[in-house]
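Listed here are the chains, written in short residue letters.
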Amino acid sequence: AASRARLLPAGSSQWSEAEAWALGESQQAVLKAIHQVTQEEDYRVAFGFGQNYGTQGVPVAQIRDKMYTELGDPPLLAAKKFLWGEALQRTSILVQVEATRLAAAGKPADAIDLLVDWAFIGRQLADREFANEMRFGLGIMLVSLERIRDIAYEDSRGSAQLSADRLKAVIDRLDEKKFIGLSRLTLPGADLIAAEQVIARVYVERNGVNKATFGQTLARLKSSNRPLRLLGEAAKWDAIADRQQNWFDIKETLSRVGNDWTSRWTLEWFDPRMSQAFEYGKLGSNASAVREVVADLGELFDLRQVVWAEAVGTRHALALYCAKLDGGQWPPTLASVRPIWIAQLEADPFNPRRERGAKPPLEYFVPIRDTKSQFGEREDPRPHEMSIVTPESNFSRRIGEDQCVLYSVGGNGGKDWARRIQNSSSNVANADYLIWPPVLSLQRQHLVESGQLK
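Analysis parameters
- Residues numbered from 1 in each chain as written.
- Predicted model: local features only at pLDDT ≥ 70, side-chain atom pairs only at ≥ 80, totals over all residues.
- Heavy atoms only, no water.
- Helix = DSSP H or I, 4+ residues; strand = E, 2+ residues; numbered from the N terminus.
- Rg over C-alpha atoms; globule rule 2.2 N^0.38 Å.
- Buried < 20%, exposed > 50% of the residue type's maximum accessible area, 1.4 Å probe, protein only.
- Contact = heavy atoms within 4.5 Å.
- Areas by Shrake-Rupley, 256 points an atom, 1.4 Å probe, with all protein chains shown as cover.
- Pairing = 2+ DSSP bridges.
- Axes fitted to C-alpha atoms, helices over the stretch in contact; angles between N-to-C directions.
- Arc of directions from axis to C-beta.
- Polar contact = N/O pair within 3.5 Å; in protein donor to acceptor, adjacent residues only side chain to side chain.
- Salt bridge = Lys/Arg side-chain N within 4 Å of Asp/Glu carboxyl O.
- Phe/Tyr/Trp six-rings, centres within 6.5 Å; stacked < 30°, edge-to-face > 60°.

A. Expanded view of the overall build of the protein chain. Each helix and strand in the protein chain was counted, giving 15 helices and eight strands. Against the globule reference of 22 Å for 454 residues, the protein chain gives a C-alpha radius of gyration of 24 Å, in line with a compact fold. Considered along the principal axes of its C-alpha atoms, the protein chain spans approximately 80 × 55 × 45 Å. In the protein chain, which comprises 454 residues, the proportion classed as buried is 51%. When contacts within the protein chain are restricted to residue pairs at least 6 apart in sequence, those whose partners lie at least 24 apart make up 68%. As displayed, the protein chain offers around 21400 Å² of accessible surface, 48% of which is attributable to carbon and sulfur atoms.

B. Main features of the sheet that holds strand β3 (residues 363–365). Pairing in this open sheet of three strands is antiparallel, and the strands run β3-β6-β8 from one edge to the other. The outermost strands of the open sheet, each flanked by one partner alone, are β3 and β8 (433–436). Across the sheet, the mean angle separating the axes of adjacent strands is 25° when strand polarity is ignored. Direction of pairing for strand β6 (residues 405–408) relative to β8: antiparallel, over a ladder of three bridges. Along β8, the bridge assignment pairs Tyr407 with Leu434. Running at roughly 35° to β8, helix α14 (residues 298–327) makes contact with β3, β6 and β8 of the sheet.

C. Molecular detail of helix α2 (residues 15–22). Along α2, the residues classified as buried are Trp15, Ala18 and Ala22. Axial view of α2: buried residues confined to an arc of 70°, hence all on one face. α2 presents Ser16, Glu17 and Ala20 as exposed residues on the side facing more than 90 degrees away from its buried surface. Elements that come into contact with the buried residues of α2 comprise α3 (25–36) and α5 (85–104).

D. Highlighting the side chain of His316. Relative to the elements of secondary structure, His316 occurs in helix α14. Within polar-contact distance, the side chain of His316 engages the backbone nitrogen of Glu346 at 3.1 Å. Each residue touching His316, except ones within four places of it in the same chain, is listed here: Leu334, Ile342, Gln344, Leu345, Glu346, Leu362 and Leu406.

E. Broad picture of the environment of Leu218. Within the secondary structure, Leu218 is located in helix α10 (residues 214–222). A C-alpha to C-alpha distance of 7.1 Å links Leu218 and Ala234, two positions 16 residues apart in sequence.

F. Geometry of the pairing of strand β4 (residues 384–389). Only one face of β4 is buried: it carries His384, Met386 and Ile388, and the other face, with Glu385, Ser387 and Val389, is open. For β4 and strand β5 (residues 394–399), the ladder comprises six bridges, and the chain directions are antiparallel. By the bridge assignment, Met386 is partnered in β5 with Arg397. The turn joining β4 and β5, which pair antiparallel and follow one another in sequence, is formed by four residues. Alignment of β4 against strand β7 (residues 420–421), held across two bridges, turns out to be parallel.

G. Representation of the pattern of salt bridges. Counted according to the given criterion, the structure contains 32 salt bridges. Residue Glu86 pairs with Arg90 through a salt bridge whose shortest N-O separation is 3.5 Å. Here Glu86 and its partner Arg90 are both found in helix α5, four residues apart, which amounts to about one turn of the helix. Take Glu86: its relative accessible area is 57%, and that puts it in the exposed class. You can call Arg90 partly exposed: its relative accessible area is 44%.

H. The arrangement of the environment of Ala164 in detail. With respect to the element layout, Ala164 can be found in helix α8 (residues 164–173). Judged by relative accessible area, Ala164 falls into the buried class, the value being 11%. With residues up to four places along the chain from it excluded, the contact list for Ala164 reads Cys322, Leu325 and Trp341.

I. Broad picture of the packing of aromatic side chains. According to the stated counting rule, one finds 18 aromatic pairs in the structure shown. Summarising the aromatic geometry, the rings of Phe278 and Phe301 are spaced 5.1 Å apart at their centres and angled 45° between planes, so their arrangement reads as tilted. Here Phe278 is found in the loop between α12 (247–265) and α13 (288–291), whereas its partner Phe301 is found in helix α14, with 23 residues between them in sequence. When sorted by exposure, Phe278 lands in the same class as Phe301, which is buried.

Have a look at this one:
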């Protein structure tokens, strides 16, 4: 998996096989193609992921290679299968392996450039019309941005081969006003259109459920990957057909769910309405034509906010490292990187202190140098200790004065000095969102030192 490939260090027991695979002719051709379609930074003329849904207009070769979106027969948007997804998953692994190979070969700047390219591919996918496509695209962006910092962090612990000028070019390329522009993301609409299509198929207009089509259609959608279960699924849906909302009510339900999402998409993260439950979560079993067709678009709000924090954090972390490379030490404050390395400080996406137009920046300090006041006069200042929670494991790390700590206040909105780390949008007590050192880098160090990664 791509998550495992990100952690795999050069020289590990599996490395030679992974490296040989990445150097294959076909794999290198894919990497070259990624580069070719991601160099334009003006979003108005840049490449996009423009594949049709279904087979109409799709070249025969793409259909043969299963590089298209299947809609079934008869075509239904709700029955979509993203057959290209598996190939992009393999490409995700390839990009991670190639980034490790380039960094190990003394080309960390090239590794970072590749990861920016891949983040741009993710941004292209995030403009697609299905929730699953946006989720996939934002996921690519998230892991790419963290890996960019990971490469820079490992460089800061080693031979410091990166140059400030080269990193400044990366910061400029990742500028919010250019292609990456998360503020331009629009909420996907295809899931709602798919539900309209299903309602038209399984309901009698201005009446109730069409029993001739309801069970077989819902069964088709729920057993698309398990065709042998089709008959059993159909019987299950037929049994609850009489308990479904009528045509007027299901149309109203779909409209209410869709309007709730679209009206919130442009709200600030801290708007009081964002703390209220989404209408989608209130759907009952009598609204199957909506609940079983429409993906939970509410999840995209959290994912977008996390990616926003990653983008803001990556730009500032690289600016700090530029200052370190240029001046030989970590700058005294985060504001010191402005305007040489970054045009202006951006607000921490999770910090709610926005009174009178305030833009509170990310939190920054250098252990020992900036934390002496936390120790008694008879105590020697100690490295900064962090307890880190990841989906895979929990561990602790100590950060000395050779590194800086850059973090967002995270989902709980409070400054907690990065003592407990949980990188998510969830409101976790006393937890912050760590930007630098990257959690990925610290997790790899932990796995290697504990013998779990060899």
